Amino acid sequence: MYRAFIYIVLAIVLVNIASCRKDFQYRESSGRLQFSKDTVYLDTVFTNIGSSTYTLKVYNKTSDDILIPTVQLEQGLSSNYRLNVDGEAGKVFEDVTIMARDSIFIFIETTFDISQVNQNEFLYTDILQFISSSSEQRIPLVTLIKDAVFLFPSVLADGSKESIVIGMDGEGNEIRVEGFILKDSQLDFTRDKPYVIYGYAAVDEGDTLKVEAGSRLHFHKDSGILIGDGGRININGALSTDLEIMENEVILEGDRMEPELSEIAGQWGTLWLAQGSLNSQITHCTIKNATVGLLVEGQTGTDPTLTIKNSSIINSGTVNLWGRSTEIKAENVVLGNAGEASLLCDIGGAYEFLHCTFANYWSGSFRLGPALQLSNFGSSASGELVVRDLESAMFSNCIIYGNTSIEIGLRSDESAAFNFTFSDLLLSFNDAGGAFENNPLYDFENDLFYSNIILNEDPDFMNTARNDFRLGPQSSALDTANIGTALRVPLDILGIDRSANPDLGAFEYTVDQ
């Protein structure tokens, strides 16, 4: 019994000694901390919108347990940065400890109201200080704050958000999404400030949304633009001189500005030209990282539902350009990587694509289907099968390529017309297994459907992973385009003359590109 008592006393003493270690064995930091970054860049955020959380790791590589008397933001409690130091939130911290050869995490966020400085862009900075009696170490924090025009649905009296009707289900019930009708005063988008859109911004009957060259439109998750019955959109981009800045391009993308998200698909919804929308025009526009880049519905008629020129739709989660029983005319258009199809035209319609590049090298997941897909049938919003004439689908001087062996898909219901022609193009179609050998839709010797087809030769694109589909010097598309079609579109997407020895696709090759 006495021996057991002695063991208990010894255990208590050892516990007390261990618990005192914090009080007696920490050495004050001498300024030898090491950091995972010498500056923390929080990238670009919009005014009054919180940033993502960024991480700084602080290392104690000495053999001593150390104590940092003060870790703080130089601007103190007035700083617009927020910290979390080793699990504790705040802006000023005292007696921060790091064990020998160990580290701690500091998490950093910011929100800033740019109206405080009366500028459209403002570089907001502060200093993260590590202060002891003999030293101070400093890590700069840097964030670019941008002013913006924010458009969003209002909150109703019952606490729900304003919504708009986008269709009817099979039982005749309205299908609604969060959204709002743009007012007359909101129908002219300018380049002065970027636009940040929450929900679907809808254009009403008789209205036209005009977008000035150089405008930047950013969409929150599940947001987009809806052009309703009798409405239209005119995106009036212009040729840019700087291919990095693209100063005159109109750009539609998500509202997350971190560089690591710049190539993430599916960040927002779609630009939707709904049934009954009229004669929309798009030129020098880039649509990127949507779920469906551009959805076009409507009937064929005297004017196309959409005319699109000198534009790119890239990196969509499902489809870049989806035409449904509609009429589209396109020149110098790049439809790049997408989770399913670069171009999908279903339930018939009428389509003309001149000097376009359809190139799908999607690597984000298993891709469903070829880059270009045509059919004269499809499903309605209520799930019913709809069959309509494919009045025409004409592709001339184009490139259709990707990272699968078969990059066109043709599906026809014999109860409706299925009219298409492919002429003067470079095509990836390697039917090694003979699956299409007896399918007349893929008879490349039938001049009713095909003429001057170059099969399975290298397009020599510059960088398929980055959606850069300019041609290299070894491209099989060089000098092989039809001159008659080229003279209808004498300048390429970058304004380069193609009137002599034209190349296939949207880009004309130049030595100094």
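About the criteria used
- Residues numbered from 1 in each chain as written.
- Predicted model: local features only at pLDDT ≥ 70, side-chain atom pairs only at ≥ 80, totals over all residues.
- Heavy atoms only, no water.
- Helix = DSSP H or I, 4+ residues; strand = E, 2+ residues; numbered from the N terminus.
- Rg over C-alpha atoms; globule rule 2.2 N^0.38 Å.
- Buried < 20%, exposed > 50% of the residue type's maximum accessible area, 1.4 Å probe, protein only.
- Contact = heavy atoms within 4.5 Å.
- Areas by Shrake-Rupley, 256 points an atom, 1.4 Å probe, with all protein chains shown as cover.
- 1 Å grid on protein atoms, 1.4 Å probe; cavity = no way out; pocket = protein on both sides within 12 Å on 5 of 7 lines; lining within 4 Å.
- Points joined across faces, edges and corners; volume = space filled by probe spheres on them.
- Pairing = 2+ DSSP bridges.
- Core = buried A, V, L, I, M, F, W, Y, C linked by side-chain atoms within 4.5 Å.
- Nonpolar A, V, L, I, M, F, W, Y, C, P; charged D, E, K, R; others polar.
- Disulfide = S-S within 2.5 Å.
- Lys, Arg positive; Asp, Glu negative; His and termini not counted.
- Salt bridge = Lys/Arg side-chain N within 4 Å of Asp/Glu carboxyl O.
- Phe/Tyr/Trp six-rings, centres within 6.5 Å; stacked < 30°, edge-to-face > 60°.

Colleague: Is there a simple way to explain the overall build of the protein chain in this structure?
Modeller: Counting secondary structure elements, the protein chain contains three helices and 40 strands. For 513 residues, the compact-globule estimate of 2.2 N^0.38 gives 24 Å, and the protein chain exceeds it by more than 25% at 30 Å. Judged by the C-alpha coordinates and their principal axes, the protein chain covers about 100 × 60 × 55 Å. Expressed as a percentage of its 513 residues, the buried residues of the protein chain come to 49%. Of all intrachain contacts in the protein chain linking residues separated by at least 6 positions in sequence, the fraction that spans at least 24 positions is 65%. On the protein chain, roughly 23,900 Å² of surface is accessible, and the fraction owed to carbon and sulfur atoms is 50%.

Colleague: It is not clear to me how empty space enclosed by the protein should be interpreted in this structure. Could you clarify?
Modeller: Where empty space is left in the structure can be found by rolling a water-sized probe over the atoms. One pass over the full model with this rule turns up one cavity of 30 Å³ or more. Space inside the largest cavity adds up to approximately 40 Å³. Lining the largest cavity we find Arg-27, Ser-29, Ser-30, Arg-32, Leu-33, Asn-60, Thr-62 and Ile-66.

Colleague: How do you make sense of the sheet that holds strand S7 (residues 88-90) when you look at a structure like this?
Modeller: Remark on secondary structure: sheet strands pair via backbone hydrogen bonds, oriented parallel or antiparallel. Strand order in the open sheet made by the five strands is S2-S4-S9-S6-S7, with antiparallel pairing throughout. Since the sheet does not close on itself, it has two edges, and those belong to strand S2 (34-35) and S7, each with one partner.

Colleague: Teacher, can you tell me more about the nonpolar core here?
Modeller: In summary, soluble globular proteins display a tendency toward joint burial of nonpolar side chains. Counting 63 residues, the largest nonpolar core has Leu-294, Phe-353 and Phe-395 as the members making the most contacts within it. Here this core gets five residues from one element, more than from any other, and that element is strand S28 (residues 319-335). If we skip the residues at most four places from it in the chain, Phe-395 touches Leu-343, Phe-353, Phe-358, Leu-372, Leu-374, Thr-421, Phe-422, Ser-423 and Leu-425. Of all hydrophobic cores here, the second largest spans 28 residues; its members include Val-71, Tyr-81, Phe-93 and Ile-104.

Colleague: What is the right way to look at the layout of surface pockets in this model?
Modeller: Computed from the structure, the largest pocket encloses a volume of approximately 1,300 Å³. Along the walls of the largest pocket sit 39 residues, with Leu-243, Glu-244, Met-246, Ile-251 and Lys-288 positioned nearest its centre. At the level of secondary structure, the elements contributing two or more residues to the lining of the largest pocket comprise strand S19 (216-219), strand S22 (250-254), strand S25 (285-288), strand S27 (306-314) and strand S40 (468-471). Among the residues forming the lining of the largest pocket, the class breakdown is 15 nonpolar, twelve polar and twelve charged.

Colleague: I tried to follow the pairing of strand S21 (residues 232-236) on my own but got confused; where do I start?
Modeller: A regular strand places its side chains on the two faces of the sheet in alternate fashion. Where strand S18 (residues 208-212) and S21 come together, five bridges link them in parallel fashion. Looking across to S21, one finds that Leu-209 is bridged to Ile-233. Pairing of S21 with strand S24 (residues 280-283), which is carried by three bridges, proceeds in the parallel orientation. Residue pairing in the sheet places Ile-235 in a bridge with Ile-282 of S24.

Colleague: Explanation requested: the state of the cysteines in the structure shown.
Modeller: Formally, a disulfide is one covalent bond, and it connects the sulfur atom of one cysteine to the sulfur atom of another. By the definition in use, this model includes zero disulfides. As a non-bridged cysteine, Cys-285 has Cys-356 as the owner of its nearest cysteine sulfur, 14 Å distant. As a non-bridged cysteine, Cys-398 has Cys-356 as the owner of its nearest cysteine sulfur, 4.9 Å distant. With a relative accessible area of 0%, Cys-398 lands in the buried category.

Colleague: Is there a simple way to explain the side chain of Asp-255 in this structure?
Modeller: In this structure, Asp-255 sits in the loop between S22 and strand S23 (271-273). Although Asp-255 lies buried, it forms no salt bridge, and the closest oppositely charged side chain, Arg-256, sits 5.7 Å away as judged by the N-O distance.

Colleague: What is the right way to look at the packing of aromatic side chains in this model?
Modeller: For the structure on display, the rule yields 26 aromatic pairs. An angle of 90 degrees between the planes, with centres 6.1 Å apart, marks the rings of Tyr-361 and Phe-461 as edge-to-face. Placement of Tyr-361 in the loop between strand S30 (357-360) and strand S31 (372-375) and of Phe-461 in strand S39 (residues 461-463) is noted, with a sequence separation of 100 residues between them. Using a relative accessible area of 17% as the deciding quantity, one classes Tyr-361 as buried. Judged by its relative accessible area of 10%, Phe-461 is buried. On the numbers, 4.4 Å between centres and 20 degrees between planes, the contact of Phe-420 with Phe-449 is stacked. With a gap of 29 residues between them, Phe-420 in the loop between strand S36 (408-411) and strand S37 (421-427) and Phe-449 in the loop between S37 and strand S38 (450-455) connect regions that are remote in the sequence. Phe-449 shares its class with Phe-420; the two are buried.

Colleague: Just checking my understanding: could you explain the pairing of strand S5 (residues 66-73) for this structure?
Modeller: With seven of eight residues buried, S5 lies mostly within the body of the structure. Direction of pairing for strand S1 (residues 27-28) relative to S5: parallel, over a ladder of two bridges. Its bridge partner being in S5, Arg-27 is matched across the sheet by Ile-66. Bridge analysis of S5 against strand S8 (residues 92-98) gives six bridges, and the strand direction is antiparallel. Its bridge partner being in S8, Val-71 is matched across the sheet by Phe-93. Of the pairings in the sheet, the one linking S5 to strand S10 (residues 121-131) comprises four bridges and is antiparallel in character. Of the residues in S10, the one forming a bridge with Leu-73 is Leu-128.

Colleague: Please clarify how the environment of Gly-170 should be interpreted in this entry.
Modeller: In this structure, Gly-170 sits in the loop between strand S13 (163-168) and strand S14 (174-181). Among the residues examined, Gly-170 registers a relative accessible area of 59% and is labelled exposed. For the pair Gly-170 and Glu-384, spaced 214 residues apart in sequence, the C-alpha to C-alpha distance is 8.3 Å.

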